[in-house]
Amino acid sequence: MLEQHYLTSLFEPKSVAVIGASNRENSVGNVIFKNILNSGYKGKLYAINPKHETIQEQPAYKSIEEIGARVEMAIIATRPQTVPHIIEQCGRSGVRNVIIIAAGFSEAGHIGAALERKVLEIARSYNVRILGPNCLGIIRPELGLNATFTKITANPGNLALVSQSGAMCSAVLDWAKSNQVGFSSVISLGMTADVDFGEILDYLIYDSRTHYILMYVEGIRNARRFMSALRSAARIKPIILLKAGRHEAGSLAAAAHSGMAAVSDTVFDAAVRRAGVVRVKNVGQLFYAAKALASKFRPQGNRLAIITNGGGPGAMAADRAGDLGIPLAQLSNETMAVLNKCLPIGWSHGNPIDIAGDATPERYRDTILAVTQDPNVDSTLVMLSPQAMTEPMEVAKAIIEVADKLNRSLICCWMGEEQVGAARKALEDAGIPAFRMPETAIELFHHISKYYSNQKLLLQTPEPTRQQRPETEGAKMLIEALLAERRKVLSEMESKAILRAFKVPVAQTMVARTATEALLLAEQIGFPIAMKVDSPDLPHKTDAGGVRLNITNAPAVRNAYHDIIDTVSKRHPNARINGVSIEPFLSRPNGRELMIGVFRDPIFGPVITFGAGGFDVEIFSDRSVALPPLNKFLAKDLIDSTRASKILDQFHNMPPVDREALKEVLLCISEMVCELPWIVELDLNPLIVDEQGAIAADARIVIDHATGASGDRYSHMAIYPYPVHLIQEWQMNDGKVVTIRPIRPEDAELEQEFVKNMSDESRYYRFMDTLRELTQTMLVRFTQIDYDREMALVATMTDDEGKESQIGVSRYVVNPDGESVEFALAVGDGWQKCGVGRKLMTALIDCARMKGYRAVVGDVLSTNTKMFRLMTSLGFTIHPHPDDTAVKRVVKPLTG
């Protein structure tokens, strides 16, 4: 990357000042200053305390302003009331990073929240970044920096721990010390008043010392930044996450500690799954996951073989695997033949592989070698229980001897303590995960293998997205008109009009305000019909007595109209009744009643729900949730995550439903909530699905004024959707039409073909490498982008047969400084000098400008004269590259 990350000076400071450094034993200022002194920190360290000449035999300054030298990071270890004045002093002295240790801010009530606002206001006026308050500090072992008030040190390693709880940091550090687990960073976030999870993850993406990330989360403030950084980081580095608050009591406790609104656990779980992150449920699982990552445990699939010297332990492991949905590997005929030769005649002849209680080290070794060569096996759990003839240490040595020769991951469970403890430690010292209990080993395998399977999913190319364009403007005009009338609950007819604009199939609905109107509408629609009360105050019409079905003639219409009005008026005398809606009665003998809903989560924005519909929705509470935007794969996952999905296949005498039609409805709803930020609630219940398709029988939408950043049409979304508004068409001088649009995941084949067809020179100018085609990883990285933090625009043309081809691409990624973007441009050889490059770059610069970036920069080979001519004409200036004479840097400021 071109520049350092903007948080580098916080986590790699060349100078540190401890404000409140103390000689008083066990005080916060005393412990922090002592830790930095004793940890081998090589930068400048300053003690600030107006009451002392020296602190721990180091010179002390009365204030940070007296130092007279640049300080990159200050740690404030004083009472909360003193913090605003100290931040002011830091700002005047040019300090750019501050860690606030003290509690007593927003988590402490109104007075603390006011104090926090004052601190942030002063800090922002000086561009000072704050970690905390109410945090433990940070540790960077390789830099010799322990800026925390814990007495536990950390060994260097490649795990980063990011936690909102200082106590969790201390507990993990204490455990890690005795388990030989090291860290690249330990970062206690505290209240995340300023620097939050999203920015920390951004930094760790670029940190070469960090290979894996452990997170403890209590709450988040900025869902967009959190999700964007989480998804970007998870593509590159495994993330294991523990979140408190899975149940109401825990959620309230976490909210009280973090000072943030409680997050719905169901929604949070859907969010982290969407990000490709593995979530664990308890501290033990977090510890074991850390241990496995540190030992380089790499399961490449979830098919598990279990080798055991006892039937009972093997059965326990198999049971836990079944609980978690881990498939036991089906051993191949070749493997069975090898095992029949090397094992006693009474071995289990299946998986788990019981090699008997008298198993020797050689028997263990031969079994492991046979099983790990089986193509049906992804990983192997080796178990040992101490029996009379067992040699735990000798077996461990045999495993250690062959471990490096294996092409499959290995995990061990040495059950017990006194007879097996030393052997288990020997396995751990050799980098082989070893545990006491089979359930623990199985759970660890489940969590780590889930991460690696998620990474494989990222390499799949999704199916094409929907090509129908919704009639969004009409829907937006209707919503704005209703809000102008101060109406928030839409009638069924209005709700269905919005849905129809987004191509959701709905039953036609019209409202009658008299019995005579009801007769006319019934004749117009055609019998049989359904009649429902139309009232903004009655979301559950059936419970209110306001629904009549299968009405087949005119007299029945008149009677039903009066009956509905009278019944509802008696049961709900204060309800506003607009009339009675008339719609076709949907008689579908093979129909399954489902429900699709939307609600607005206060943190993550719109959430889509799916499950059983009709009366079943209240009885079974069967629903799955997902964050939009959806594609077909995600829609299928949403459906398959419910019990209701089982009745969608052949069920009794009913044929399977049209699942494609159901997925299409979910995609339409996804697109609707992306484009209409006013939607607060939506219910399609029932949505009737059968072999002929899907249709919404009833619909209800609640709206409110949109919230979010002005100028960002998707500010209500936690995950930035496909930016349809950036699609444009351009007619070339010869009349050919070029479409310029953001890249999509399904463009992988187009992108690969485009690169293959480039000349050697063009490919070299673009990639500064002699590659001939993109690797699968590069292809995924180039086509599956986060539109919130990067952009790629492709220029395409469609031939007479409707086949699309790519003729150019421009892209940018955000630089670590957070203020500029680095661009790349490639145009097919046959389309150069046609204006394609200029058009792509102009559109890309406009995108960067709309996002508020300050500059567009790029590196261009010194021999690429055509690119320099184009860049100069677009207002770029050319500069020498700081590190490479063969390359020049081009820069275009976007401000001023």
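Only a predicted model underlies this, so the values are computations on that prediction, with no experimental measurement involved. (Residues numbered from 1 in each chain as written. Predicted model: local features only at pLDDT ≥ 70, side-chain atom pairs only at ≥ 80, totals over all residues. Heavy atoms only, no water.)

J.: Just checking my understanding: could you explain the overall build of the chain for this structure?
T.: In terms of helices and strands, the chain carries 28 helices and 37 strands. Here the C-alpha atoms of the chain give a radius of gyration of 32 Å, agreeing with the 29 Å that 2.2 N^0.38 yields for 896 residues. Summarising its shape, the C-alpha atoms of the chain cover approximately 95 × 80 × 65 Å along the three principal directions. Counting all 896 residues of the chain, 56% fall into the buried class. By sequence separation, contacts in the chain at least 24 residues apart represent 69% of the contacts at least 6 residues apart. (Helix = DSSP H or I, 4+ residues; strand = E, 2+ residues; numbered from the N terminus. Rg over C-alpha atoms; globule rule 2.2 N^0.38 Å. Buried < 20%, exposed > 50% of the residue type's maximum accessible area, 1.4 Å probe, protein only. Contact = heavy atoms within 4.5 Å.)

J.: Help me out: how do you make sense of the sheet that holds strand β32 (residues 790-798) in this one?
T.: Each strand in a sheet pairs with another by means of backbone hydrogen bonds, the pair being arranged parallel or else antiparallel. Across the sheet, which stays open at both edges, the 8 strands sit in the order β30-β31-β32-β33-β34-β35-β37-β36 with mixed pairing between neighbours. Each end of this open sheet is capped by a strand with a single partner; those strands are β30 (728-731) and β36 (877-880). Within this sheet the neighbouring strands show an average axis-to-axis angle of 25°, counted without direction. Each of β33 (804-814), β34 (820-827) and β35 (855-861) touches helix α25 (residues 760-767); the most contacted strand, β34, lies at about 175° to it. (Pairing = 2+ DSSP bridges. Axes fitted to C-alpha atoms, helices over the stretch in contact; angles between N-to-C directions.)

J.: How should I be thinking about the packing of helix α3 (residues 83-92) against helix α4 (residues 110-125) in this particular structure?
T.: Each pair of packed helices gets described by two things: the angle between the helix axes and the distance between those axes. Direction vectors running N to C along α3 and α4 enclose 5°, while the axes themselves pass 9 Å from each other. Between α3 and α4, the crossing angle belongs to the class labelled roughly parallel. Across the interface between the two elements, V83, P84, I87 and E88 of α3 pack against L115, K118, V119, I122 and A123 of α4. Grouping the constituent residues of the contact of α3 with α4 by class yields 7 nonpolar, no polar and 2 charged. (Parallel < 35°, antiparallel > 145°, perpendicular 65-115°, else oblique. Nonpolar A, V, L, I, M, F, W, Y, C, P; charged D, E, K, R; others polar.)

J.: In this structure, what is going on with the pairing of strand β28 (residues 693-696)? I would like to understand it.
T.: Consecutive side chains along a regular strand alternate between the two faces of the sheet. Alternating residues of β28 divide into G693 and I695 and A694 and A696, and every residue in both groups is buried. Here strand β27 (residues 679-690) runs beside β28; their pairing, made up of 4 bridges, is antiparallel. Residue pairing across strands places D690 opposite G693, the latter belonging to β28. Here β27 folds back onto β28 in antiparallel fashion, the turn holding 2 residues.

J.: Please clarify how the pattern of salt bridges should be interpreted in this entry.
T.: Close approach of charged atoms lets side chains of opposite charge pair. One pass over the structure, following the stated rule, counts 59 salt bridges. Between R741 and E804 there is a salt bridge whose closest N-O contact spans 3.3 Å. Taken together, the residues R741 in strand β31 (residues 737-742) and E804 in strand β33 connect sequence positions 63 residues apart. Its salt-bridge partner being D859, residue R889 comes within 3.1 Å of it at the nearest N-O pair. Note that R889 is positioned in strand β37 (residues 887-893) and D859 in strand β35, a separation of 30 residues in sequence. The exposure class of D859 is partly exposed, given its relative accessible area of 24%. Through salt bridges with shared partners, a single ionic network connects E492, K496, K532, K541, E583 and D698. (Salt bridge = Lys/Arg side-chain N within 4 Å of Asp/Glu carboxyl O.)

J.: What am I meant to see in the nonpolar core here?
T.: Across soluble globular proteins, nonpolar side chains have a tendency to be buried as a group. In terms of nonpolar packing, the biggest core is built from 61 residues, with I75, M215, F226 and F604 touching the most fellow members. Tallying contributions element by element places helix α7 (residues 223-236) first for this core, with 7 residues. Ignoring any residue separated from it by four or fewer positions in sequence, one finds F226 in contact with F197, G198, M215, I220, L241, F268 and F604. Grouped together as the second largest cluster of nonpolar side chains are 56 residues, L726, F782, L870 and M871 included. (Core = buried A, V, L, I, M, F, W, Y, C linked by side-chain atoms within 4.5 Å.)

J.: Help me out: how do you make sense of helix α2 (residues 28-38) in this one?
T.: In an α-helix, one turn spans 3.6 residues, which is why side chains three or four residues apart end up on the same side. Along α2, the positions that sit buried rather than exposed are G29, N30, V31, I32, F33, N35 and I36. Considering only its buried residues, α2 is in contact with β1 (15-19), β2 (44-48), β3 (54-55), β4 (58-61), β5 (73-76) and β9 (145-148). Just beyond α2, the residue with positive phi is G40, at close to 85°.

J.: Before we go on, may I ask you to explain the side chain of E494 in this structure?
T.: Within the secondary structure layout, E494 lies in helix α18 (residues 492-501). Here the side chain of E494 touches R487 through a polar contact of 2.6 Å, side chain to side chain. A distance of 2.8 Å separates the side chain of E494 from the backbone nitrogen of S491, its partner in a polar contact. Once residues within four sequence positions are removed from consideration, E494 is found in contact with L478, L482 and R487. (Polar contact = N/O pair within 3.5 Å; in protein donor to acceptor, adjacent residues only side chain to side chain.)

J.: Honestly, the sheet that holds strand β13 (residues 239-243) in this entry has me stumped. Any pointers?
T.: Spatial strand order, β9-β8-β11-β10-β12-β13-β14: 7 strands in an open sheet with mixed pairing. At either margin of the open sheet sits one strand with a lone partner, and together these are β9 and β14 (278-280). Averaged over neighbouring strand pairs, the angle between their axes works out to 20° when direction is ignored. Here strand β12 (residues 212-217) runs beside β13; their pairing, made up of 5 bridges, is parallel. Directly across from V217, in β13, lies its bridge partner K243.

J.: Help me out: how do you make sense of helix α13 (residues 361-371) in this one?
T.: Of all the positions in α13, only P361, R363, Y364, T367, I368, A370 and V371 are classed as buried. Summarising the contacts, the buried residues of α13 are in contact with β15 (304-308), α12 (333-342), β16 (353-354), β17 (379-384), α14 (392-403) and β18 (409-414).

J.: Explain unusual backbone geometry to me, please; I cannot follow it from the model alone.
T.: Residues apart from glycine generally show negative phi values, whereas peptide bonds are mostly found in trans. Here the amide bond leading from G132 into P133 is cis, since omega sits at -5°, within 30 degrees of zero. Mapped onto the elements, P133 comes out in the loop between β7 (129-131) and β8 (137-140). Residue P352 is bonded to the preceding N351 through a cis peptide linkage, with omega at 15°. By the secondary structure assignment, P352 is in the loop between α12 and β16. The backbone of T192 shows a phi angle near 45°, a positive value even though the residue is not glycine. Looking at the element boundaries, T192 is found in the loop between β11 (183-188) and α6 (197-206). Look at T192 and you get buried, because its relative accessible area is 2%.

J.: Would you take a moment to explain the confidence of the model for the chain for this structure?
T.: Predicted coordinates in regions of low pLDDT should not be interpreted in detail. For the chain, the mean per-residue pLDDT works out to 90, and 94% of the residues sit at or above 70. Low pLDDT (under 50) marks residues 249-261, which in the prediction has 28 contacts with non-local residues, meaning those over four places away or in another chain. For residues 459-467, every residue scores under 50 in pLDDT, and the model assigns this stretch 24 contacts once sequence neighbours within four places are set aside. (pLDDT = per-residue confidence, 0-100.)

J.: What is the right way to look at the side chain of K892 in this model?
T.: Summarising the element assignment, K892 is placed in strand β37. Summary of buried charges: K892 has no salt-bridge partner, and the nearest side chain of opposite charge, D846, is 8.6 Å away. Reaching out from K892, the side chain makes a polar contact with the backbone oxygen of L874 at a distance of 2.9 Å. Once residues lying within four places of it in the same chain are set aside, the contact partners of K892 are I845, R849, R854, A855, V856, L874, G875 and F876. (Lys, Arg positive; Asp, Glu negative; His and termini not counted.)

J.: Looking at this structure, how should I read the packing of helix α17 (residues 472-484) against α18?
T.: One can describe the packing of α17 onto α18 by two numbers: an axis separation of 9 Å at closest approach and a directional angle of 155°. Considering the angle they form, α17 stands roughly antiparallel to α18. Of α18, the residues touching α17 (which contributes A475, L478, I479 and L482) are E494, A497, I498 and A501. In the contact of α17 with α18, the residues fall into 7 nonpolar, no polar and 1 charged.

J.: What's the story with the environment of Q387 in this structure? I'm lost.
T.: For Q387, the location among the structural elements is in the loop between β17 and α14. What makes Q387 partly exposed here is its relative accessible area of 31%. As for Q387 and G357, which are separated by 30 residues in sequence, their C-alpha atoms are 6.5 Å apart. Q387 has contacts with N309, G310 and G357, leaving out every residue within four places of it along the chain.

J.: Explain the packing of aromatic side chains to me, please; I cannot follow it from the model alone.
T.: Each aromatic ring pair is summarised here by two numbers: the centre-to-centre distance and the angle between the ring planes. Scanning all chains against the criterion turns up 12 aromatic pairs. Here the aromatic rings of F268 and F604 are separated by 6.2 Å at their centres, their planes lie at 70°, and the arrangement is edge-to-face. Of this pair, F268 sits in helix α9 (residues 265-274) while F604 sits in the loop between β24 (592-601) and β25 (605-612), and the two are 336 residues apart along the sequence. The pair formed by F268 and F604 is uniform in burial state, with each residue classed as buried. (Phe/Tyr/Trp six-rings, centres within 6.5 Å; stacked < 30°, edge-to-face > 60°.)

J.: Whenever I open this one, the pairing of strand β6 (residues 97-100) confuses me. Can you help?
T.: Residues N97 and I99 point to one face of β6 and V98 and I100 to the other, with burial holding for every one of them. Bridge analysis of β5 against β6 gives 4 bridges, and the strand direction is parallel. Following the sheet pairing, M73 is matched in β6 by N97. Handedness of the crossover joining β5 and β6 through α3 is recorded here as right-handed. Of the strand pairs in this sheet, β6 and β7 are connected by 3 bridges, and their pairing is parallel. The residue bridging I99 from the neighbouring strand is L131, located in β7. (Right-handed = clockwise from strand over helix to strand, strands pointing away.)

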